[in-house]
Protein chains: 2
Amino acid sequence: MAKEITSRNENYSQWYNDIVIKAGLADYSAVRGCMIIKPYGYAVWEKIQAQLDRMFKETGHQNAYFPLFIPKSFFSREASHVEGFAKECAVVTHYRLKNDASGMGIVVDEDARLEEELIVRPTSETIIWNTYKSWIQSYRDLPILINQWANVVRWEMRTRLFLRTTEFLWQEGHTAHATRQEAVEEAERMINVYAQFAREWMAMPVIMGRKSEAERFAGAVDTYSIEALMQDGKALQAGTSHFLGQNFAKAFDVKFLNSEGALDYVWATSWGVSTRLIGALIMAHSDDNGLVLPPKLAPTQVVFVPIYKSREELDRISSVVSQLRNELHAVGVTTHYDDRDNYKPGFKFAEYEMKGFPIRIAIGPKDLENGTVEVARRDTLQKQIVSSNSLGKFIIGLLDDIQNNLFSKALEFQRQNTTVVNSYDEFKSVIAGKGGFVLAHWDGTPETEAIIKDETKATIRCIPFDSKPEEGKCIVTGKPSMQRALFAQAY
Amino acid sequence: MAKEITSRNENYSQWYNDIVIKAGLADYSAVRGCMIIKPYGYAVWEKIQAQLDRMFKETGHQNAYFPLFIPKSFFSREASHVEGFAKECAVVTHYRLKNDASGMGIVVDEDARLEEELIVRPTSETIIWNTYKSWIQSYRDLPILINQWANVVRWEMRTRLFLRTTEFLWQEGHTAHATRQEAVEEAERMINVYAQFAREWMAMPVIMGRKSEAERFAGAVDTYSIEALMQDGKALQAGTSHFLGQNFAKAFDVKFLNSEGALDYVWATSWGVSTRLIGALIMAHSDDNGLVLPPKLAPTQVVFVPIYKSREELDRISSVVSQLRNELHAVGVTTHYDDRDNYKPGFKFAEYEMKGFPIRIAIGPKDLENGTVEVARRDTLQKQIVSSNSLGKFIIGLLDDIQNNLFSKALEFQRQNTTVVNSYDEFKSVIAGKGGFVLAHWDGTPETEAIIKDETKATIRCIPFDSKPEEGKCIVTGKPSMQRALFAQAY
């Protein structure tokens, strides 16, 4: 395997691409903007899916599946939704191909034109609310708490593996409620689920908050997001949860008989995270040696590499490894044994560093004599000699330690790169210099937000839930502000 | 809930649709031929997925994800594949919509026409083999054992919920091998995995065999299938596994350096099952009271229904149910407690019969006194009074018994509806009369097969792997035949 990747300092963007490709997470495809998620990348996605799915079910949600295609006219129903979503998308216009009359391949059969074009879903609010109309009559049919795991397509002009692709995989929750308060609570519950997942599973600190009007989801009354800080000082929106009010219920005429016997429109939320999380995971922890994965999301947590000269040595090592692996499996640790004979240990070490296996265990003849193994942790690259007795307990502790260390390191990075500023000059100098999150007063208008974006490329990531009310003046207009907003340049 | 469904005798096809809708498995959508898989139906699919995924991983496969879109030209590469798949499909021609100049909604932006049309995948051999080209250089890169869980689209003219829909969910395995033998073994291994899954998990007996040339997958050298018999005497193809030879490797120029240092084309297989399995599951076991699910695939295995007059009685019952549910969860049984106060027990009984919960447990005041519960099994509708002591052990045994009984019953049905015939008159009379599987001698030619299909609507489902060599004469042409083929009218 080609070991070298571009360093972060040299070219952060190239470093990211190198890791995606060389760790075997994803590959470019023959279709513009669409990626291939390779087995190792998909295994990370399966880990993410499994845990999120558990958390969704624990909070009362069920999975379902709605059509890939949405009739074009559905997008026109919700006024702001059409502006946000119905523009750059894949349009199905025909349903048949035929042999070219001149015998040169196949062509679209113009006789098979659809009466109404179908849009490949960029998000499913419209088709789902059109369906909910027939499922909801009374308050007894509510709440509906549904999630969907699906692929979606947004015709992006500039794409990046995992971060922004034309097709991506995601989950989208779509819930229906009898009251405004219940829907707001649901939207808040799910942004908290995302934050908990980011922190505890991805070892990635996030700031939770409310989006400004300009950054809100097209069709939402309120959008909440979790925002993470990447190592290059740019922010990444990692998940969003929307309180949709009665907008989609009104657009699709979804009314219900409430407990007092009156007709009312249904209240809605939607919320989603995507394969973009894998991009966030890569950028949050990895280094110039390759990918670094938190143990809770690593497809394989421990790799064993034998160090041997003879077949006989290998056999003795293999027998010990087999016992140790059984011991680790019994305590829920996933392992791999790399006994390939055609690669040297040094090559294997570099490969597992590139792929971000949290722990590497090397065993040689001396270890057999001493009853030890050499344990190397990926996060700090430190090695230590450990007794192979009760290895299970040691590894469990070490995996915990790595998980916690990754989170602490990322949290410390976030703290060091969050700056409170009180003037626009200071704002501009931080954004142009060290970057990171900037907390600043803002007068609450889209106009000021647009000026800042235009002049600095920084946007309001969110108004953090935990930001204290604090009197101040907008850094641009000097108008009064009651709370700081979180700014950053963002992916 | 509306209890009544059409009986099988009255209208089998309507009975099927009634069950799908009234058991809450799926719903029609606003998009022609596309269905909505409702939470209960999706929960069955999740059970199917989980077990198949385990079996795929146990046989060495990894999951990955390839693009939804396939460039039109890819289909022309493999001559027979284009005939089979590139005709009735969804064609993406544009990537943008715009506001209509007259202000009436949105229209396709003719300036955003794709240079080459994209086809929504009907199956992924072409895009995957185009990718494998860059992944395979030497025999050391082989085998590649990849599976994909995905949605696919085939523009069907006549659709049926689960059985034939324009969009459906499936898995497609795509493997690459260094030798012909290894690929043949893989194709055989996977049809055996499907057969094992059908028998042990779906409680559905299947006949495994090889397809005739006419029924083969477009692009395959050999197609193996599992065929199940439905209660109306029609066959249903439940899964296929294809030995693709070097056809796709040649079409996409995928060569590798073998261990002798020579260049050779790679050998391939592909194999898949889809949400159609849910249709098979419904038709294999259900009755005029509704859905019957095998315990191993039932989203919830046991439902508790309290029988009470007063709030105080309900509280006492709830407390006992809580203990019993804990006991059942501890031994891995899934349960639900329906303590809804606004529905009568009789209504609930009918609802869980409709939804096919394998076991229903009713508890009333008399049961509390006697330390008993009333256990009703869905398959036979029999009830019995059982001591609530060590209920876990009893339920485990009963679930096993139900699973086995469903299989035995279906196997007995298949035996009684498999007829060995020796003349074309007999063949026609069986097909037109009792239906079912018919084993008959056939001269092996597509011409004879076409005559039979034309005259009787019966097709060759497969040439069973376990059919004994036996000299005979083709029922149509009288030409010599060495083996009987399995015929049936099919879904």
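Residues numbered from 1 in each chain as written. Chains lettered and ligands numbered in written order. Predicted model: local features only at pLDDT ≥ 70, side-chain atom pairs only at ≥ 80, totals over all residues.

1. A word on the overall build of chain A
Then, in step 1: Per the secondary structure count, chain A includes 14 helices and 26 strands.
Then, in step 2: Taking 491 residues into account, the globule formula puts the C-alpha radius of gyration at 23 Å, and chain A, at 26 Å, falls close to it.
Then, in step 3: Based on the C-alpha atoms only, the size of chain A along its principal axes is roughly 80 × 70 × 55 Å.
Then, in step 4: Looking at chain A as a whole, 48% of its 491 residues are labelled buried.
Then, in step 5: Across chain A, contacts joining residues at least 24 apart in sequence account for 67% of those joining residues at least 6 apart. (Helix = DSSP H or I, 4+ residues; strand = E, 2+ residues; numbered from the N terminus. Rg over C-alpha atoms; globule rule 2.2 N^0.38 Å. Buried ≥ 20, exposed ≤ 12 C-beta atoms within 10 Å, placed from the backbone. Contact = placed C-beta atoms within 7 Å.)

2. A word on the confidence of the model for chain A
Then, in step 1: Of all residues in chain A, 99% attain a pLDDT of 70 or more, and the chain-wide mean is 96.
Then, in step 2: Complex prediction metrics read pTM 0.96 and ipTM 0.96. (pLDDT = per-residue confidence, 0-100.)

3. Quick notes on the nonpolar core
Then, in step 1: Ranked by internal contacts, the top residues of the largest apolar core, which has 302 residues, are Ala198 and Ala228 of chain A together with Ala198 and Ala228 of chain B.
Then, in step 2: Once you skip the residues sitting within four places of it in the chain, Ala228 of chain A turns out to touch Ala198, Met204, Val206, Ala235, Leu236, Ala238, Ala280 and Ala284 of chain A. (Core = buried A, V, L, I, M, F, W, Y, C linked by C-beta atoms within 7 Å.)

4. Concerning the relation of the copies chain A and chain B
Then, in step 1: When chain A is brought onto chain B, the operation consists of a screw motion whose angular component is 180 degrees and whose axial shift is 0.0 Å, with 0.0 Å RMSD remaining. Look at the turn and shift together and you get a two-fold axis relating the two. By C-alpha distance to the rotation axis, the residue of chain A lying nearest is Val92 of chain A, at 2.1 Å.
Then, in step 2: When you check the interface residues of chain A against chain B, 100% turn up at the interface there too, and the contact is symmetric in its surfaces. (Least-squares fit on C-alpha atoms with pLDDT ≥ 70 in both.)

5. Comments concerning the domain arrangement of chain A
Then, in step 1: For chain A, the domain assignment lists domain 1 (12–285), domain 2 (295–402) and domain 3 (418–488).
Then, in step 2: For domain 2 of chain A versus domain 3 of chain A, the distance between C-alpha centres works out to 48 Å. (Domains from an automatic or database assignment.)

6. Here's the deal with the interface of chain A and chain B
Then, in step 1: Contacts between chain A and chain B engage 51 residues on the former and 51 residues on the latter.
Then, in step 2: In terms of residue count, strand β5 (residues 88–99) of chain A provides more of the side of chain A that touches chain B than any other element does, 10 residues in total.
Then, in step 3: In this sheet, strand β5 (residues 88–99) of chain B lies alongside β5 of chain A in antiparallel orientation, the contact comprising 5 bridges. Bridged to Val91 of chain A within β5 of chain B is His94 of chain B. (Pairing = 2+ DSSP bridges.)

7. Description of the packing of helix α9 (residues 311–330) of chain A against helix α12 (residues 391–416) of chain A
Two quantities define a packed helix pair, namely the angle between the axes and the distance from one axis to the other.
Residue and element names in this part refer to chain A.
Then, in step 1: Between α9 and α12, whose axes approach to 9 Å, the crossing angle comes to 55 degrees. Classified by the angle their axes make, α9 and α12 are oblique. Taken as a pair, α9 and α12 cross one another with a handedness that is right-handed. Across the interface between the two elements, Leu324, Glu327, Leu328 and Ala330 of α9 pack against Leu391, Gly392 and Ile395 of α12.
Then, in step 2: Looking at the contact of α9 with α12 residue by residue, the classes come out as 5 nonpolar, 1 polar and 1 charged. (Axes fitted to C-alpha atoms, helices over the stretch in contact; angles between N-to-C directions. Parallel < 35°, antiparallel > 145°, perpendicular 65-115°, else oblique. Left-handed = near helix turned anticlockwise from the far one by under 90°. Nonpolar A, V, L, I, M, F, W, Y, C, P; charged D, E, K, R; others polar.)

8. Some points on the sheet that holds strand β8 (residues 144–153) of chain A
Residue and element names in this part refer to chain A.
Then, in step 1: Read across the open sheet, the 11 strands follow the order β3-β8-β9-β15-β12-β11-β10-β23-β26-β22-β21; overall the sheet is mixed. Each edge of the open sheet is held by one strand with a lone partner, namely β3 (62–63) and β21 (418–420).
Then, in step 2: Note: β21 against strand β22 (residues 437–441), 3 bridges, orientation parallel. Within β22, the residue paired with Thr418 across the bridge is Phe437.

9. Side note on helix α5 (residues 125–135) of chain A
Then, in step 1: The buried fraction of α5 of chain A is high, at 8 of 11 residues.
Then, in step 2: Along α5 of chain A, the residues classified as buried are Glu125, Thr126, Ile127, Ile128, Trp129, Asn130, Thr131 and Tyr132 of chain A.

10. Considering the sheet that holds strand β21 (residues 418–420) of chain B
Residues and elements named next belong to chain B.
Then, in step 1: The strand order β3-β8-β9-β15-β12-β11-β10-β23-β26-β22-β21 describes an open sheet built from 11 strands, whose pairing is mixed. The open sheet has two edge strands with one neighbour each: β3 (62–63) and β21.
Then, in step 2: Relative to strand β26 (residues 484–488), strand β23 (residues 459–464) is paired through 3 bridges, and the arrangement is antiparallel. By the bridge assignment for β26, Cys462 is matched with Leu486.

11. Notes on the pairing of strand β12 (residues 235–245) of chain B
Residues and elements named next belong to chain B.
Then, in step 1: Of all 11 residues in β12, 10 are buried, a share of seventy percent or more.
Then, in step 2: Pairing of strand β11 (residues 222–229) with β12, which is carried by 8 bridges, proceeds in the antiparallel orientation. Within β12, the position partnered with Glu227 by the bridge is Gln237.
Then, in step 3: Two successive antiparallel strands, β11 and β12, enclose a turn made up of 5 residues, where Gly233 displays a positive phi of approximately 85 degrees.

12. A look at the pairing of β5 of chain A
All names here are of chain A.
Then, in step 1: Of the pairings in the sheet, the one linking β5 to strand β7 (residues 113–120) comprises 3 bridges and is antiparallel in character. Note on β7: the bridge partner recorded for Val92 is Leu118.
Then, in step 2: Across 3 bridges, the pairing between β5 and strand β6 (residues 106–108) is antiparallel. What sits directly across from Lys98, in β6, is Val107.
Then, in step 3: Taking the residues between adjacent antiparallel strands as the criterion, β5 and β6 are bridged by 6 residues, where Gly103 takes a positive phi near 80 degrees.

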